[in-house]
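Observations on the three-dimensional arrangement
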Amino acid sequence: MLTQKLVLSYFTKIALQVIQMVTSFVVARLVGPGVTGTIAYGLAYVSMFLFLSDLGLGSAHIKLVSEGQDEAKCIGTFARLKLITTSLFALVVLSFYLFQKFIFHYHFESTSQEIVILIYLVITIVGQLTTIATTTWAGKTEQAKQDIPNFLQTLLYQILRVIVAVLGFKAVEIVSSNLVAVIVSIPLYIYLFKGYKIGGYDKELAKKYFSISFPIIILLLAQTVIYSTDKVILQSMTNTTELGYYSASFTLASFIKTIETSVGLLFFPLFSSYLAQNNVEKMNATLKKFERFTMSFVLPFGLYLSVFSNLIIPVSYGSKFSNSIPIFSVVTIAMIISLLNLPYGNIIFGKGLFKLTAIIWLITVSIFLISAYVLVSPSLMNLRGVGMAYAILISNVSLSFFYLYFAKKHEKKLIILQGKQMMIFGMVFFILFSFLYSGFQYNLLGKILMSVLFFTGFWGISLLTGMIKKEDWMMILELINVRKMKEYIRKELFRKN
């Protein structure tokens, strides 16, 4: 069932991203970069403290459940710890906001910006409580239970936010529609989780949680700095409108990041169990399947978006977002690299090398902060949103080198970069096609024809040279194997635990 789990994860996330992109285009055109920036700022403000709501306990829960620890005790212990950390998160965010406003007399750009922050705080609190269920499902690699509620919740939000934007409402009402979708989805999470036994608090088990989670706190903090604080830093050095351009680019490229997050929740418990069983052969086979599928079918779409950003952005958001074009080109490549890094980070963490993982991320976040300051600061290179995108790219490339080196060092039998031939070809093809495309001026019809040539050339050469094999196309056929997918979903959603 691994193929069904992997395909379901890819399919639901890609489907959601297509829906989100379409609705984002509509909403962005209606409300403009200012409102887009206000919403992005509110989310980033709350997300700066998100690591406090988990403190690495979610990853510890996945690891312990996947290793076969007493499930009821794990759920009971984790649920109580999660309530404490979520309360801590809420307290810190509210305290920071109140101190900033009433003690330090910080002037937010608008009242709407403040209200958006508070609504996102409520959304995040509710969302964090649902992770009691979702991380348990992740530990048991129950992909359907993770993906389907998330799909329905996000779909409802996209519908509501378009309606709200069409009616002429702005940031506060759009974010409120997100809160409505979150609340409406709660009964579904409860229904799918009702068969699980919730044990009492186990003190010894709690010690195991903290022994695993402590180094993860550094990792979560580092990830927060790179993927949430980046927006706050950018806004402080520029303005909300520039943040709107940057956020619009991330919205388009986020389908890659979303796939990464979802597939990571599948691979982490799998790799943990393989490593616990010393089954490196099975781990290599799983890694090969991921890399070949990603290199053959996800990579070309990501490269296409980067090359044709001057077509994608105007068609998606309109001329008001033309400043997003160079940002989007860089962000897309950064997200592809992050996706390819994923399994190696899971392997290092799955081997219990928590301290090493923390050190890697501390170095990476230092590289990011230095790069961000040099590239974005008005007193230095002043590249604004493009500079922040390059800072993300530089940090992801650095992380890639660390992951590959240490994964191979600590697991000698691991076969790294099994899709390297396809990756090298993709890089060469991307560079050559970028020169070809940027060297001439094309009208809309010309850009469409060049788009067709891009995919025809990429897959045509890959097929002729044998880089894409029959087994790779068989994975694509699994996407349309409705019978197998229905059977997998039916068994997972309706079986008794």
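Structure shown above.
Let me begin by describing the structure that accompanies this report.

Topic: the overall build of the protein
- What the protein contains, in helices and strands, is 18 helices and zero strands.
- Going through the 497 residues of the protein one by one, you find that 58% of them count as buried.
- Residue pairs in contact within the protein that sit at least 24 positions apart in sequence constitute 85% of those at least 6 positions apart.

Details of the pattern of salt bridges
- The final tally for this structure, using the stated rule, is seven salt bridges.
- With a closest N to O distance of 3.0 Å, Lys101 and Glu114 form a salt bridge. Separated by 13 residues along the polypeptide, Lys101 in helix α3 (residues 71–103) and Glu114 in helix α4 (residues 111–139) bring together distant segments of the chain.
- Classification of Lys101 as partly exposed rests on a relative accessible area of 25%.
- The exposure class of Glu114 is buried, given its relative accessible area of 11%.

Details of the environment of Leu375
- For Leu375, the position within the fold is in helix α13 (residues 354–376).
- You can call Leu375 buried: its relative accessible area is 11%.
- Sequence separation of Leu375 and Ala389 is 14 residues, and the distance between their C-alpha atoms is 9.4 Å.
- Apart from the residues within four sequence positions on either side, Leu375 is in contact with Met381, Asn382, Leu383, Arg384, Gly387, Tyr390, Ala391 and Ile394.

Some details on the packing of helix α12 (residues 324–350) against helix α14 (residues 384–410)
- In the contact formed by α12 and α14, the axes pass within 8 Å of each other and the chain directions differ by 20°. Relative to α14, α12 is oriented roughly parallel. Helix-helix and strand crossings are classified by hand; for α12 and α14 the assignment is left-handed.
- Among the residues making up the contact of α12 with α14, the classes are represented as 21 nonpolar, six polar and no charged.

Let's talk about a nonpolar patch on the surface
- A cluster of nonpolar residues, Ile370, Tyr373, Val374, Leu380, Met381, Leu383, Tyr390 and Ile394, forms a patch on the protein surface that exposes about 710 Å² of accessible area.
- For the nonpolar patch, the elements supplying multiple residues, two or more each, are α13 and α14.
- Its place among the elements puts Val374 in helix α13.
- With relative accessibility at 33%, the residue Val374 sits in the partly exposed group.

Observations concerning α12
- Helix length check: α12 (27 residues) gives 38 Å between terminal C-alpha atoms against 39 Å at 1.5 Å per residue, within 8%.
- Considering bend angle alone, the principal kink of α12 is centred on Leu342 and spans about 35°; proline Pro343 follows within four residues of it.
- Counted residue by residue, α12 has 26 buried out of 27 residues, so it is predominantly covered.
- Following α12 by one or two positions, Gly352 adopts a phi angle in the positive range, close to 85°.

Quick look at unusual backbone geometry
- The phi dihedral of Arg384 is positive, around 55°, even though this residue is not glycine.
- Here Arg384 is to be found in helix α14.
- The class of Arg384 is partly exposed, set by a relative accessible area of 29%.

Some remarks on the environment of Ala389
- Counting through the fold element by element, Ala389 comes out in helix α14.
- Residues Ala389 and Val376, spaced 13 residues apart in sequence, show a C-alpha to C-alpha distance of 9.5 Å.
- Not counting the four nearest positions on each side in its chain, Ala389 is found in contact with Tyr246, Ile327, Val330 and Val331.

Concerning the packing of aromatic side chains
- The full count for this structure, using the stated rule, is 30 aromatic pairs.
- Taken together, a centroid distance of 5.3 Å and an interplanar angle of 70° make the contact between Phe429 and Phe454 edge-to-face. With Phe429 in helix α15 (residues 420–438) and Phe454 in helix α16 (residues 444–465), this residue pair connects regions lying 25 residues apart in the sequence.
- Judged by relative accessible area, which is 10%, Phe429 ranks as buried.
- Residue class for Phe454 comes out buried when judged on its relative accessible area of 0%.
- Between the aromatic rings of Phe429 and Phe458, the centroid separation amounts to 5.6 Å while the plane-to-plane angle is 85°, which identifies the pairing as edge-to-face. In this pair, Phe429 sits in helix α15 while Phe458 sits in helix α16, placing the two residues 29 residues apart along the sequence.
- A cation sits over an aromatic face here: Lys101 above Phe102, 5.6 Å from the ring centre.
- Lying across the ring of Phe250, Lys231 places its NZ or CZ 4.8 Å from the centre.

Here we look at the nonpolar core
- Core analysis: the largest hydrophobic core is formed by 138 residues, its most contacted members being Tyr209, Phe308, Ile392 and Phe454.
- Of all the elements, α12 adds the most residues to this core, at 15 residues.
- Apart from residues lying up to four places away in sequence, Ile392 is in contact with Ile226, Tyr227, Asp230, Tyr246, Phe250, Ala334, Met335 and Phe368.
- Core analysis: the second largest hydrophobic core is formed by six residues, Phe297, Val298, Leu339 and Leu342 among them.

A closer look at α16
- The end-to-end C-alpha distance of α16, which contains 22 residues, comes to 32 Å, matching closely the 32 Å that a straight helix rising 1.5 Å per residue would cover.
- Within the sequence span of α16, burial applies to Gly446, Lys447, Met450, Ser451, Phe454, Phe455, Gly457, Phe458 and Ser462.
- The backbone nitrogen of Leu445 has a side-chain oxygen 3.2 Å away, supplied by the residue at the start of α16, namely Asn443.
- Gly466 occupies a position one or two residues after α16 and carries a positive phi of about 80°.

Observations concerning the environment of Phe51
- Positionally, Phe51 belongs in the loop between α1 (2–47) and α2 (57–66).
- On the basis of relative accessibility, which here comes to 16%, the residue Phe51 falls in the buried class.
- As for Phe51 and Leu221, which are separated by 170 residues in sequence, their C-alpha atoms are 5.9 Å apart.
- Beyond its immediate sequence surroundings of up to four residues, Phe51 is in contact with Ile217, Leu220, Leu221 and Thr224.

Conventions adopted
- Residues numbered from 1 in each chain as written.
- Predicted model: local features only at pLDDT ≥ 70, side-chain atom pairs only at ≥ 80, totals over all residues.
- Heavy atoms only, no water.
- Helix = DSSP H or I, 4+ residues; strand = E, 2+ residues; numbered from the N terminus.
- Buried < 20%, exposed > 50% of the residue type's maximum accessible area, 1.4 Å probe, protein only.
- Contact = heavy atoms within 4.5 Å.
- Salt bridge = Lys/Arg side-chain N within 4 Å of Asp/Glu carboxyl O.
- Axes fitted to C-alpha atoms, helices over the stretch in contact; angles between N-to-C directions.
- Parallel < 35°, antiparallel > 145°, perpendicular 65-115°, else oblique.
- Left-handed = near helix turned anticlockwise from the far one by under 90°.
- Nonpolar A, V, L, I, M, F, W, Y, C, P; charged D, E, K, R; others polar.
- Patch = residues over 30% accessible without salt bridge, like charges linked within 9 Å, V, L, I, M, F, W, Y side chains within 5 Å.
- Areas by Shrake-Rupley, 256 points an atom, 1.4 Å probe, with all protein chains shown as cover.
- Expected span 1.5 Å × (residues − 1).
- Bend = angle between axes of the 7 residues up to and from the residue.
- Phe/Tyr/Trp six-rings, centres within 6.5 Å; stacked < 30°, edge-to-face > 60°.
- Lys NZ or Arg CZ within 6 Å of the ring centre and 35° of its normal.
- Core = buried A, V, L, I, M, F, W, Y, C linked by side-chain atoms within 4.5 Å.
- Polar contact = N/O pair within 3.5 Å; in protein donor to acceptor, adjacent residues only side chain to side chain.

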